[in-house]
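Secondary and tertiary structure notes
Here's the letter readout for the chains.
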Amino acid sequence: MFTIFRFTFREAFSRKILLVSIIIAAVFLGIFGTGVHFAVKDIARSQNQMLASIIYPQLLLFGLYFGGFIVSFLSIISSAGIISSDIESGSIQAVITKPLARYEIIAGKFLGQGVFLASYAAIMFAVISSIIYYKTGMRFPWIWQAGLLFMLQPIVLMSVTMLVSVLSSTVASGAIAFMLYSVAVVGGVVEQIGYLINNLYLKNGGIVSSLIMPVDSLYRKIVHIMMPANNPLSAIQQMGPFGASAEPSIWMVAYTLLYVLAFYLLSVYYFSRKDI
Amino acid sequence: MNLAIETENLTKLYDGSAGCKEICLSVEEGQIFGLLGPNGAGKSTLVKTLVGLVRPTSGSASLLGRPLGNVEVRRKIGFLPENFSYHEWLTGRQLLEFHASLYKMDRWTRKSRIPLVLDVVGLTGAERKKVKTYSKGMRQRIGMACALLPDPDLVFLDEPTSALDPLGRREVREIMQGLKERGKTIFLNSHLLSEVEMVCDQVAFIKGGRIIDQGRPDQMGADGAVVELHVDVVSDGLLDKISPLARIVSSGSTTIRAAVRSREDIPELARAVVGSGGRLYRLAHEKVSLEEIFINLLKEGD
């Protein structure tokens, strides 16, 4: 299993998609950093504390939301062919026939790809948080918990993409994973609107979408961890599509972990029975 | 004699239609076994079933005395897939290192085996180049190197020379002969009948997913073969004695050519000559190529 783990981790660095993701991340973080720099400069000049209390958290939310989007993009694109492309090219034939059980191949690939994506997410999270911290002075007491959940986001997407990759082609697994991610994103926004206008149907729609793909609820949880509702401006700070009017419970995090485990086990089950 | 491969009614069905059906094979250790058949006959399905790429629908099989699916026995099995596709971003050396890890080979064994197999397949000097820069023939050679890496007791070679030039083919034949001399068993799946004929101890013909005939290549052609007899003098009496056993194709003053129904009739033919008082100087059946046997078998089935 560790051979496959090391190999998958190394393989992730050889893919062109990593270079593309690094360039996109560098461009995004460059623009984000520049935007934060000038926004903070302007607000500091005006010495408007109220404005700073509202805008600074919005900058953080913006960074985490789009940073998470880039991480998710890399997760789906790089995981779409994690099994299927090896089957399609035939390179898996020489691997399966070696003295290792099929579950070891899935476990190794899951770990290798998971560590790679989690590392990428951790760097993205660290840079975004650092920019906000050094420019605005905002403090994040539970930053480690938030960071771990940020790292979990791409793993959730990867677990789903891996299962589809076992069952289907690379194109299909990428397309299905993107559709599910879209459901989560749209569902999250719908839920936010539901809280804004107090509409139960919209709120429930968001909850259902979170059960189908819990990656957006993870984001909302991160937002609440980073900005706990402990001041009178919390409601305003959490408004808008990037905020979280209601904090997802710890059970949602537990559900997400079980969700990942279930998809991993399904991948093992179907791959063990698959004719190559 | 121990069996390297034994199958009993091994069947693999794809959506109800046969990939291969009720395959019963016994391959002795130390043999080169050839599997022959037209496209779509079920050759690759049988190989894939044996190496664990597909799960059999029914029946059983054992490799080196262990049941199909046993993971540990794979340490002693090498496999060259038909399409020999490998991870292109690796160098030849890195690819072999990866496969050595998969075989759970220790560092010292790797150090000795990798240069050895590179030398055997003629890729010494090219191991630092990336696989994506390799020609088709070189890719097939690196695939062969991967298959030979653990010094396997049983090697499955699926069309091992399809991308090689005549010189490369000869080298592969020499590799196979070398393995055989060291007591290794080779299961060869090939379209190249002449190649199979040159190296195989046993062959089996597969058609429509079923084994339709198997045996030694030099004996298989004897059924229905033309036998040439050199005697002191061909008399009418001698011809009368031979006629019930074989169809006379031609006869001269000292030579008779007769077609026997089966190879079991050949000793009877000799006995008939001697029994009629004739002196038998030479008896030989004309060699029938594997290609002719192959084509005849396919025609018979139609």
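Our subject in this report is the structure included herewith. All values derive from a computational prediction rather than experimental measurement.

Some words on the sheet that holds strand S5 (residues 66-67) of chain B
Residues and elements named next belong to chain B. Taken in spatial order, the four strands of this open sheet run S2-S1-S4-S5, and their pairing is antiparallel. Two strands close off the open sheet at either side, each with one partner strand: strand S2 (17-28) and S5. Looking at chain direction, strand S1 (residues 3-14) and S2 are connected through eight bridges and run antiparallel. Paired with Ile-5 across the strands is Val-27, a residue of S2. Along the sheet, helix H1 (residues 43-51) makes contact with S1, S2 and strand S4 (58-63), crossing S1 at roughly 115°.

Digging into the environment of Gly-122 of chain B
Residues and elements named next belong to chain B. For Gly-122, the location among the structural elements is in the loop between helix H3 (107-120) and helix H4 (136-148). Exposure remark for Gly-122: the relative accessible area of 48% places this residue in the partly exposed category. The sequence separation of Gly-122 and Arg-216 amounts to 94 residues, and the corresponding C-alpha distance is 31 Å.

Quick notes on the sheet that holds strand S7 (residues 154-158) of chain B
All names here are of chain B. Taken in spatial order, the six strands make up an open sheet running S6-S7-S8-S3-S9-S10, and their pairing is mixed. Two strands in the sheet have a free side with no partner beyond their single neighbour: strand S6 (77-80) and strand S10 (210-215). Between one strand and the next, the sheet's axes are offset by a mean angle of 15°, whatever the strand orientation. By the bridge criterion, four bridges tie strand S3 (residues 32-36) to strand S8 (residues 185-189) in an arrangement that is parallel. Bridged to Phe-33 within S8 is Phe-187. Strands S6 and S7 of the sheet are contacted by H4, whose axis makes an angle of about 165° with S6.

A few points about the interface of chain B and chain A
Accessible area lost on assembly of the parts is the figure often given for the size of an interface. Facing the 26 residues of chain B at the interface are 25 residues of chain A. Between chain B and chain A, the buried area comes to about 2,500 Å², and carbon and sulfur atoms account for 60% of it. Seen at the junction of chain B and chain A, the total is one salt bridge. With its nearest N and O atoms 2.5 Å apart, the salt bridge here joins Lys-12 of chain B to Asp-275 of chain A. Elements supplying a minimum of two residues to the side of chain B that touches chain A: S1, H1 and helix H2 (92-102) of chain B.

Quick word on the packing of aromatic side chains
All names here are of chain A. Applying the stated rule across the entire model yields 19 aromatic pairs over all chains. Taking the centre distance of 5.3 Å and the plane angle of 40° together, the rings of Phe-125 and Phe-150 count as tilted. In this pair, Phe-125 sits in helix H6 (residues 102-136) while Phe-150 sits in helix H7 (residues 143-167), placing the two residues 25 residues apart along the sequence. Here Phe-125 falls in the buried class, since its relative accessible area comes to 6%. By relative accessible area, Phe-150 is classed as buried at 1%. Ring plane angle 75° and centroid distance 5.0 Å describe the contact between Tyr-133 and Tyr-134, whose orientation is recorded as edge-to-face.

Here we look at the pattern of salt bridges
Under the criterion given, the structure shown has 19 salt bridges over all chains. Note that Arg-45 of chain A is salt-bridged to Asp-42 of chain A, the shortest N-O span being 3.4 Å. A residue pair is termed a helical-turn pair when its members lie 3 or 4 positions apart in one helix, as Arg-45 of chain A and Asp-42 of chain A do in helix H2 (residues 16-46) at three residues. Take Asp-42 of chain A: its relative accessible area is 47%, and that puts it in the partly exposed class. With a shortest N-O distance of 2.8 Å, Arg-220 of chain A and Asp-216 of chain A are connected by a salt bridge. With Arg-220 of chain A and Asp-216 of chain A both in helix H10 (residues 215-226) and four residues apart, this pair spans about one turn of that helix. Like Asp-216 of chain A, Arg-220 of chain A is buried. Salt bridges sharing common partners tie together Asp-151, Asp-153, Arg-182 and Lys-184 of chain B.

Cut-offs applied
Residues numbered from 1 in each chain as written. Chains lettered and ligands numbered in written order. Predicted model: local features only at pLDDT ≥ 70, side-chain atom pairs only at ≥ 80, totals over all residues. Heavy atoms only, no water. Pairing = 2+ DSSP bridges. Helix = DSSP H or I, 4+ residues; strand = E, 2+ residues; numbered from the N terminus. Contact = heavy atoms within 4.5 Å. Axes fitted to C-alpha atoms, helices over the stretch in contact; angles between N-to-C directions. Buried < 20%, exposed > 50% of the residue type's maximum accessible area, 1.4 Å probe, protein only. Buried area = accessible area lost by both parts, 1.4 Å probe. Salt bridge = Lys/Arg side-chain N within 4 Å of Asp/Glu carboxyl O. Phe/Tyr/Trp six-rings, centres within 6.5 Å; stacked < 30°, edge-to-face > 60°.

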